[in-house]
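# Inside the fold
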Amino acid sequence: DDCMSAARATILSQLTSLLNPRFVLGGTVEPRVTSLMLVNIALETMRTVTSDEVQILQDELCKYLLTWSYTTTDLIILSLTLRVIFNLFQPMLRNEMKVPLEIFLTSVHMRILDTTTKKTSTSQQQTNNKNTTTLSSFSKEQQEAALESLLEFCQEPSLMQDLYLNYDCDVNCTNLFDTIVGSLAAMAAPNSSSITAHNKLAVEGILSILDSIARKCCITNNNNNNANYDNNYYTAESGNDDQRNNTYSNISCNISNIIMNDTDENGSIHDIHNNISESGNNSRSSSVGGGDWEAEEETHKVAAQERKRTKHIIQQVVNEFNENNKNWIKIAEEMGLFHKTATPEMVASFLYNTSQIDKTIMGLYLG
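Residues numbered from 1 in each chain as written. Predicted model: local features only at pLDDT ≥ 70, side-chain atom pairs only at ≥ 80, totals over all residues. Heavy atoms only, no water.

Glancing now at the side chain of Thr-72. Tracing the backbone through its elements, the reader meets Thr-72 in the loop between α3 (51–71) and α4 (75–87). Judged by its relative accessible area of 11%, Thr-72 is buried. A polar contact is formed between the side chain of Thr-72 and the backbone nitrogen of Asp-74, at a distance of 3.1 Å. Excluding residues that lie within four positions of it along the chain, Thr-72 makes contacts with Ile-77, Leu-78 and Gln-142. (Helix = DSSP H or I, 4+ residues; strand = E, 2+ residues; numbered from the N terminus. Buried < 20%, exposed > 50% of the residue type's maximum accessible area, 1.4 Å probe, protein only. Polar contact = N/O pair within 3.5 Å; in protein donor to acceptor, adjacent residues only side chain to side chain. Contact = heavy atoms within 4.5 Å.)

Here it is in structure tokens:
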């Protein structure tokens, strides 16, 4: 087994090295195409992955794929690159690829699909009261390839939910789910009376996301209908009612501590960031005794909602600070991010640990 794993890692390393843009391979695209196809086959047939293979994927392959997505004008190479990116995030590798997934979706897919909205002049609005959406500088074929790749992500049953929980509800990550849905919505709207392939692909992506949400709701309802919620079950048989009440009570206390930071008057925004991440991890990994699926699911929902709400509060305070609002501390206090009276330690920790802070504005603020 060790010899086989070492051989696999060596083969993967050699295939990856062929994608290095600095290597001149006869001035043709065929070697690159062949290498991308073989890497795709390797990823699609993987059943287990070793730490050495993960290291190769993270350090070398991701770097080369990002470079090719920025530099290539060849549609075949772009399509194969997007396919490799998709295969990198199968469930077996997803936990190891959280940061690369965010980078790829924002810097590759969203960049290719980037649209800007231009308003028409006043005279034009009188005759045609619509906004004109101008596509990015990428060709229609390149955008179609990016849309097809994004559609594959949307069609993954659990991926959209994972994106929302692990990115949109994480204070240290972008709102990836929101960005994808917004981009698809912009691409779905036709610019003229005719409906293009782009519009159809974007609508299909939105429908796939809605379908995954509907399936999740159906699973929830089925589990609720199949569960025995008779009061005697919780009290006489297993005592799960007390466990459920304790679960909700613990989550509420944890959330209160996260937002209000009651445990330490000199608490920092760094503590808030860590507590939010920890509460999310704990909520996903915790198990409620007695097989109480409903309580466990509700625990996840409550924790995710509070993490998202706290992230929204932090972002609002960051926006106020970045707009050079002199009253940003008061606003943070009113929104519950700090105690009723913020201490210098809290303010310093917020400025130090919050990555979204505009460093130029911070320099002016500190004088």
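A few words on α4. In a regular helix each residue adds 1.5 Å, so 13 residues correspond to 18 Å; α4 covers 18 Å between its end C-alpha atoms and thus fits that length. Taken residue by residue, α4 has Ile-77, Leu-78, Leu-80, Thr-81, Leu-82, Val-84, Ile-85, Phe-86 and Asn-87 as its buried positions. Capping the start of α4, Asp-74 holds a side-chain oxygen 2.9 Å from the backbone nitrogen of Ile-76, two or three residues further along. (Expected span 1.5 Å × (residues − 1).)

Relative to the helices and strands, Lys-140 resides in helix α8 (residues 140–154). Separated by 28 residues in sequence, Lys-140 and Ile-112 place their C-alpha atoms 9.8 Å apart.

In this section: the nonpolar core. In this structure, Leu-88, Phe-153, Leu-163 and Ile-180 are the most contacted members of the largest nonpolar core, which totals 56 residues. In terms of residue count, the dominant contributor to this core is α3 (eight residues). Apart from residues no more than four positions distant in its own chain, Leu-163 is found in contact with Leu-101, Leu-105, Asp-168, Leu-176, Phe-177 and Ile-180. (Core = buried A, V, L, I, M, F, W, Y, C linked by side-chain atoms within 4.5 Å.)

Bringing the packing of aromatic side chains into the picture now. A full pass over the atoms with the stated rule returns 10 aromatic pairs. Relative to Phe-177, the ring of Tyr-164 lies with its centre 5.8 Å away and its plane at 85 degrees, an arrangement referred to as edge-to-face. Placement of the pair is Tyr-164 in helix α9 (residues 159–168) and Phe-177 in helix α10 (residues 176–188), with a sequence separation of 13 residues. Given a relative accessible area of 31%, Tyr-164 falls into the partly exposed group. On the numbers, 5.2 Å between centres and 85 degrees between planes, the contact of Phe-321 with Trp-328 is edge-to-face. Taking relative accessible area as the criterion, Phe-321 reaches 2% and is therefore assigned buried. (Phe/Tyr/Trp six-rings, centres within 6.5 Å; stacked < 30°, edge-to-face > 60°.)

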